[in-house]
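What follows is the residue order along each chain.
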Amino acid sequence: MFLYLSKLLPLFFYPLGLASLSLIVALVTLWKRPRIAAGAIALALTVLLLCSNGWVAKSLVRSLEWQNLPVAQMPNAEAIVVLGGATKSASFPRPSVDLSESGDRVIYAAQLYRQKKAPIVILSGGRIDWRGSGAPESEDMAKILTSIGIPSEALVQEPDSLNTYENAVNVKKILEARGIRQILLVTSAMHMPRSLKIFQRQGIDVIPAPTDFLVSQGDLQELGNTPKAAILNLLPDSNNLHQFTNALKEYVGSFVYRLRGWL
């Protein structure tokens, strides 16, 4: 139940959900309380315009992604741990498992393995039942890695985790069973601050290996590169709204996890 509520309730506080609620309030109060309706419409418009412009969205994303910048030379460790959220199951009409927007996690893990940064890759991730059927994400990631030449004997699957806290708890069991003390943690840069703290709270020696950066130095420079660019980046854009929402989810997730004592 906690997992379901943790996914459902915050939707009403993210920009699109909050704007939708405001418009519903405006619709209900339009005839009898026009001032309240006008205020609700103004709130919805303000939220959407503010959260979908490039300046605000990229600044919020950067505040998370740039907390753990990759080092020039990634050190060696005893295992590479890859967190789920990077695949789409092989359901019709997909001919096989696809990589999602966060699929850089899987590719980066393969690169680190080929660079001999660690001898094994631990794939952590289950499949939430209301998000469709299919194999656990750990199995999907294993299929992709073996298809690009990573030997199956180097892969260890952890198929039961349904959130980042469970990732850390279940991976810790694997590490203890194998006597592994230090890992390279691979996840999206935006997800890394929360993931790193959760794994460290479990007493795991973690080296962050972030990937899937959404905001680069070039992106920030382009915001105000010219007066036209500066104006255009103030206009609403669905991709900016998506990035803002994902960043906000991380901050909300960190708040909830801290309340539960997981951070």
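Residues numbered from 1 in each chain as written. Predicted model: local features only at pLDDT ≥ 70, side-chain atom pairs only at ≥ 80, totals over all residues. Heavy atoms only, no water.

S.K.: Can you walk me through the packing of aromatic side chains in this structure?
M.R.: How two aromatic rings sit relative to each other is set out by the distance from centre to centre and by the angle between their planes. Taken as a whole, this structure holds two aromatic pairs when the rule is applied. Between Tyr-165 and Trp-262 the ring centres are 4.0 Å apart and the planes differ by 5 degrees, which places this aromatic pair in the stacked class. Here the residue Tyr-165 occupies a position in helix H7 (residues 164-178), and Trp-262 occupies one in the segment after helix H11 (238-259), the gap between them amounting to 97 residues. Classification of Trp-262 by relative accessible area gives buried; the value is 11%. A ring pair is formed by Tyr-257 and Trp-262, whose centres lie 4.9 Å apart and whose planes are at 85 degrees; its orientation type is edge-to-face. Judged on exposure class, the residue Tyr-257 and its partner Trp-262 are both buried. Lying across the ring of Tyr-257, Arg-194 places its NZ or CZ 4.9 Å from the centre. (Phe/Tyr/Trp six-rings, centres within 6.5 Å; stacked < 30°, edge-to-face > 60°. Helix = DSSP H or I, 4+ residues; strand = E, 2+ residues; numbered from the N terminus. Buried < 20%, exposed > 50% of the residue type's maximum accessible area, 1.4 Å probe, protein only. Lys NZ or Arg CZ within 6 Å of the ring centre and 35° of its normal.)

S.K.: How should the packing of helix H2 (residues 15-29) against helix H3 (residues 34-51) be read in this particular structure?
M.R.: How two helices pack is summed up by the angle between their axes together with the distance between the axes. Between H2 and H3, the shortest axis-to-axis distance is 8 Å and the interhelical angle comes to 160 degrees. When the axis of H2 is compared with that of H3, the two are roughly antiparallel. In the packing of H2 onto H3, the handedness of the crossing is left-handed. Facing H2, whose interface residues are Pro-15, Leu-18, Ala-19, Ser-22, Leu-23, Val-25, Ala-26 and Thr-29, H3 presents Pro-34, Ile-36, Ala-37, Ala-40, Ile-41, Leu-43, Ala-44, Val-47, Leu-48 and Cys-51. Residue composition of the contact of H2 with H3, grouped by class: 16 nonpolar, two polar and no charged. (Axes fitted to C-alpha atoms, helices over the stretch in contact; angles between N-to-C directions. Parallel < 35°, antiparallel > 145°, perpendicular 65-115°, else oblique. Left-handed = near helix turned anticlockwise from the far one by under 90°. Contact = heavy atoms within 4.5 Å. Nonpolar A, V, L, I, M, F, W, Y, C, P; charged D, E, K, R; others polar.)

S.K.: How should H3 be read in this particular structure?
M.R.: Residue pairs spaced three or four apart in an α-helix point in one direction, given the helix's 3.6 residues per turn. The terminal C-alpha atoms of H3, which comprises 18 residues, lie 26 Å apart, in line with the 26 Å expected from a rise of 1.5 Å per residue. The set of residues buried in H3 consists of Ala-37, Ala-40, Ala-44, Val-47 and Cys-51. Burial along H3 is one-sided: seen end-on, the buried residues are contained in an arc of 95 degrees. Opposite its buried face, H3 presents the exposed residues Arg-35 and Leu-45, each directed more than 90 degrees away. Elements in contact with the buried residues of H3: H2, helix H4 (54-65) and H11. (Expected span 1.5 Å × (residues − 1). Arc of directions from axis to C-beta.)

S.K.: Can you help me understand the pattern of salt bridges in this one?
M.R.: A side chain with one charge may pair with a side chain of the opposite charge, provided their charged atoms come close. This structure, assessed with the given rule, holds five salt bridges. Among the salt bridges present, the one from Arg-127 reaches Asp-140, with a minimum N-O distance of 2.5 Å. One end of the pair, Arg-127, is in the loop between strand S4 (121-124) and helix H6 (137-147); the other, Asp-140, is in helix H6, and 13 residues separate them in sequence. For Asp-140, a relative accessible area of 2% corresponds to the buried category. A salt bridge links Lys-143 to Glu-139, with the shortest nitrogen-to-oxygen separation between them at 3.8 Å. Of the two residues, Lys-143 and Glu-139 both sit in helix H6, four residues apart, roughly one turn of that helix. Assessed through its relative accessible area of 44%, Lys-143 is described here as partly exposed. (Salt bridge = Lys/Arg side-chain N within 4 Å of Asp/Glu carboxyl O.)

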